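Here is how the chains run, residue by residue.
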Amino acid sequence: MSTGFSVLVELAFAPSQAEFAAELGRGAEQRASEEPETLLYAWYLDLASGLAHILERYPHFEAFLAHMKAHAPHQDTFADVFKTTRVRLYGDVPEPLGERFANGGVPCALF
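About the thresholds
- Residues numbered from 1 in each chain as written.
- Predicted model: local features only at pLDDT ≥ 70, side-chain atom pairs only at ≥ 80, totals over all residues.
- Heavy atoms only, no water.
- Helix = DSSP H or I, 4+ residues; strand = E, 2+ residues; numbered from the N terminus.
- Rg over C-alpha atoms; globule rule 2.2 N^0.38 Å.
- Buried < 20%, exposed > 50% of the residue type's maximum accessible area, 1.4 Å probe, protein only.
- Contact = heavy atoms within 4.5 Å.
- Lys, Arg positive; Asp, Glu negative; His and termini not counted.
- Charge placed at Lys NZ, Arg CZ, Asp CG, Glu CD.
- Polar contact = N/O pair within 3.5 Å; in protein donor to acceptor, adjacent residues only side chain to side chain.

**Some remarks on the overall build of the protein chain**
- When helices and strands are tallied, the protein chain shows four helices and five strands.
- Secondary structure elements in the protein chain, listed N-terminal to C-terminal, are β-α-β-β-α-α-β-α-β.
- Its C-alpha atoms give the protein chain a radius of gyration of 14 Å, within 12% of the compact-globule value 13 Å for 111 residues.
- With respect to the principal axes defined by its C-alpha atoms, the protein chain has extents near 45 × 30 × 20 Å.
- Evaluated residue by residue, the protein chain yields a buried proportion of 37% over its 111 residues.
- Long-range pairs, those at least 24 residues apart, make up 63% of the contacts in the protein chain between residues at least 6 apart in sequence.
- Between the centroid of the 8 positive side chains of the protein chain and the centroid of its 15 negative side chains there is a distance of 3 Å.

Here is the structure:
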């Protein structure tokens, strides 16, 4: 039986974008709260340093894919503000997910 997996994403943003970054985070949390299989989706922003962490938890890979599909319309705006600096994967990580991050040019570690 799968125990699911967690994803920790670290993002950087320009201090001049702090308020907009916070607004994007609130919107992403709201959308994720409507996804029945997203078990956890929490943003932590340090507006002064320009760093953000997103903590996510999913029961299986299909739930992660559904989450990504739901957030796809906002991806361009997100990419304009945030740069992903590292990713950490925890638990029963599906192989395609690990490959996706490993091939994306962002430092990624599996725990």
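**Section: the side chain of Ser 6**
- Assignment of secondary structure puts Ser 6 in strand E1 (residues 5-12).
- Looking at Ser 6, its side chain comes within polar contact range of the side chain of Arg 57, at 2.9 Å.

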